[in-house]
Structures are given as C-alpha cells and as structure tokens.
Amino acid sequence: MSGKSVQHHQYEELLAEYSSHQGTIALLKAHRPYLEMIPSMRRPDESVITIPLPLVRVRETIATTESGNVIPSGGTIQLPCDVAVLMCDPEWRIKTGVEIFVFIHRPQEDFSGLLSRWRRTQMWLDKGYEWIMPHRHQHILSEGQMKPIPCL
C-alpha cells in the first residue's frame, strides 16, 4: 500500500470516528476545556450533535476568495471544517451557544492549507448563518454562534 492511500485511509477513519458523538466525546475528553463545554455529562448523547462536512445557510452575501464565486444571502455553503460539534441542552432540546469546529489534517495538505481552512471558516461564519441540521436534529433551533471555537 502506498503512503498516499494510507494517509487517505487515516483521514477517512478519523472523519468517521469524529462524526459519531461517542468519538467526538472521546476527542473532547483529551482536551479538558472543550469537554467542560458539554452541557450534561450525565446525558452526553443528548448534549452533543456532530455534523460531518457541515452546511450552513448564510444571512449575508459572501464572496469566496479561492474561486471568486459569490454566495448570495440565503445561499448554502459547505464549511471547510471536517466536523461541526454543536452543544444542546438535553432538557430543553435547544442548541446552546457553544460550537466547536474540528479540522482533520487532510491527505496532501500542508499546515498552511489547514490554517487557511480554519480562517475561511471564521470569515464565512462572520456574516451570520443558520445550520442545515441533520434529519434527526431538525427540530432543534439552529441559529449560529458569533464566536466559533476551533479544535485543530
């Protein structure tokens, strides 16, 4: 097996692992400040929503710098992060203000490319947004947070 396919395989494994709430909670346990953001450790399954390759609906028109395309107000865009982690109050079943963005080092990506994805995520979310929620979480209020938290 070549090094390229091993790297791609590792990326796919991490993406699959962090797309589940169990894998995300394990990741957050390795970083205590992030773990402390979970609303209820007694009910972590109901407190953490993971969205792999997340989509948001933007409130203001944004220009994407890499392609020169314009995303109109109300348009949908895929964020450059790999997984979005949203916290949810398990009692009220509403999203809290905490949002964590997981960036997995992609095959053939250098460090500046990883940081560039992080900066693009910040720029795009600065204009206001609404989450396109997974089907099982569509009932949850999906307003965006003003200060996204990266997890590299």
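Since we're looking at a predicted model, the values are computed, not measured.

The rules behind the values
- Residues numbered from 1 in each chain as written.
- Predicted model: local features only at pLDDT ≥ 70, side-chain atom pairs only at ≥ 80, totals over all residues.
- Heavy atoms only, no water.
- Core = buried A, V, L, I, M, F, W, Y, C linked by side-chain atoms within 4.5 Å.
- Buried < 20%, exposed > 50% of the residue type's maximum accessible area, 1.4 Å probe, protein only.
- Helix = DSSP H or I, 4+ residues; strand = E, 2+ residues; numbered from the N terminus.
- Phe/Tyr/Trp six-rings, centres within 6.5 Å; stacked < 30°, edge-to-face > 60°.
- Contact = heavy atoms within 4.5 Å.
- Pairing = 2+ DSSP bridges.
- Axes fitted to C-alpha atoms, helices over the stretch in contact; angles between N-to-C directions.

(A) How the structure looks around the nonpolar core. In this structure, Ile51, Val56, Ile77, Leu79, Phe101 and Trp131 are the most contacted members of the largest nonpolar core, which totals 20 residues. The set of elements that each furnish at least two residues to this core consists of β1 (48-52), β2 (55-58), β6 (83-89), α5 (111-125) and β8 (129-131). Among the nonpolar cores identified, the runner-up in size contains 16 residues, and Tyr18, Leu28, Leu35 and Ile100 belong to it.

(B) Up close: the packing of aromatic side chains. For the structure on display, the rule yields two aromatic pairs. With a centroid separation of 5.9 Å and 25° between ring planes, the pair formed by Phe101 and Trp131 is classed as stacked. Here the residue Phe101 occupies a position in strand β7 (residues 94-102), and Trp131 occupies one in strand β8, the gap between them amounting to 30 residues. Relative to Trp131, the ring of Tyr129 has its centre 5.7 Å away and its plane inclined at 90°; by these criteria the two rings are edge-to-face. For the residue pair Tyr129 and Trp131, the accessibility class agrees, reading buried in each case. Aromatic rings pair up to connect Phe101, Tyr129 and Trp131 into one cluster.

(C) A look at the environment of Thr61. Topologically, Thr61 is positioned in the loop between β2 and β3 (62-63). Under the relative-accessibility criterion, Thr61 is labelled partly exposed at 45%. For the pair Thr61 and Gly128, spaced 67 residues apart in sequence, the C-alpha to C-alpha distance is 9.9 Å. With residues up to four places along the chain from it excluded, the contact list for Thr61 reads Val70, Ile71, Pro72 and Ser73.

(D) Highlighting the side chain of Ser40. Following the sequence through the fold, Ser40 ends up in the loop between α3 (32-35) and α4 (44-47). The class of Ser40 is buried, set by a relative accessible area of 12%. Other than its neighbours up to four places away in sequence, Ser40 contacts Ser47 and Pro90.

(E) Spotlight on unusual backbone geometry. At Leu53, a residue that is not glycine, the phi angle is positive and equals roughly 45°. With respect to the helices and strands, Leu53 occurs in the loop between β1 and β2. The phi angle at Gln108 is positive, at roughly 65°, despite the residue not being glycine. Summarising the element assignment, Gln108 is placed in the loop between β7 and α5. Residue class for Gln108 comes out exposed when judged on its relative accessible area of 62%.

(F) Representation of the sheet that holds β8. Overall, antiparallel pairing links the three strands, which are arranged β5-β2-β8 in an open sheet. Looking at which strands have only one partner, the edges of the open sheet turn out to be β5 (76-78) and β8. With direction set aside, neighbouring strand axes in the sheet form an average angle of 35°. Sheet topology note: the β2/β8 ladder contains three bridges and is antiparallel. Looking at the pairing, Arg57 lines up with Glu130 of β8.

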